[in-house]
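# Survey of secondary and tertiary structure
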Amino acid sequence: MDTIHLTGHLTPVPVNSIIWLEGEASYTRVHYQNGTFSIVTQPLQWFEQHLNFVRVHRSAIVNPDYVQEFIQKKGRSGWVRLLDDSVIPVSRNRLELTATQLMLANKQQSSPGDI
């Protein structure tokens, strides 16, 4: 999926322009590559179902293309640092799943068939 239609936007938004998504009740704050954000009336769960992003916390989903590093401290806490230097905490119960999903996303990005 190259674009996604967000409520309140007249034109579809390129998926690769979205760095991460932040849940706020039944709204989602969409953080873009250019440093701006918008608030849409779609819950975070909707994005989790429609995008190949990684849910790292009950209130955050990140685009794996923008993850610079993933830090896990003794299985108790962790965070991801994004290319824009945002630091997003990873909840304890999502540490292992986040590690697996980010590893799989990395493999897909660097598969031998890519040009």
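Residues numbered from 1 in each chain as written. Predicted model: local features only at pLDDT ≥ 70, side-chain atom pairs only at ≥ 80, totals over all residues. Heavy atoms only, no water.

### Let's talk about the sheet that holds strand S10 (residues 87-90)
The pairing of strands in a sheet happens through backbone hydrogen bonds and is either parallel or antiparallel. Taken in spatial order, the 3 strands make up an open sheet running S8-S9-S10, and their pairing is antiparallel. Only two strands of the sheet have a single neighbouring strand rather than two, namely strand S8 (67-73) and S10. Each strand axis lies, on average, 20° off the axis of its neighbour in the sheet, ignoring direction. Here strand S9 (residues 77-82) pairs with S10 via 4 bridges, running antiparallel. Paired with Val80 across the strands is Ile88, a residue of S10. (Pairing = 2+ DSSP bridges. Helix = DSSP H or I, 4+ residues; strand = E, 2+ residues; numbered from the N terminus. Axes fitted to C-alpha atoms, helices over the stretch in contact; angles between N-to-C directions.)

### Some points on the side chain of Arg29
Counting through the fold element by element, Arg29 comes out in strand S4 (residues 27-32). Among the polar contacts listed, one links the side chain of Arg29 to the side chain of Glu24, at a separation of 2.7 Å. (Polar contact = N/O pair within 3.5 Å; in protein donor to acceptor, adjacent residues only side chain to side chain.)

### Brief notes about the packing of aromatic side chains
Going through the model one piece at a time under the given rule, you end up with 1 aromatic pair. Between Trp46 and Phe47, the aromatic rings sit 5.1 Å apart at their centres with planes inclined by 90°, giving edge-to-face as the arrangement. (Phe/Tyr/Trp six-rings, centres within 6.5 Å; stacked < 30°, edge-to-face > 60°.)

### A few points about unusual backbone geometry
Located in the positive-phi region is Ala25, a residue other than glycine, with phi close to 60°. Its place among the elements puts Ala25 in the loop between strand S3 (18-24) and S4. Positive phi outside glycine occurs at Asp85, with the angle close to 70°. When you line up the elements, Asp85 lands in the loop between S9 and S10.

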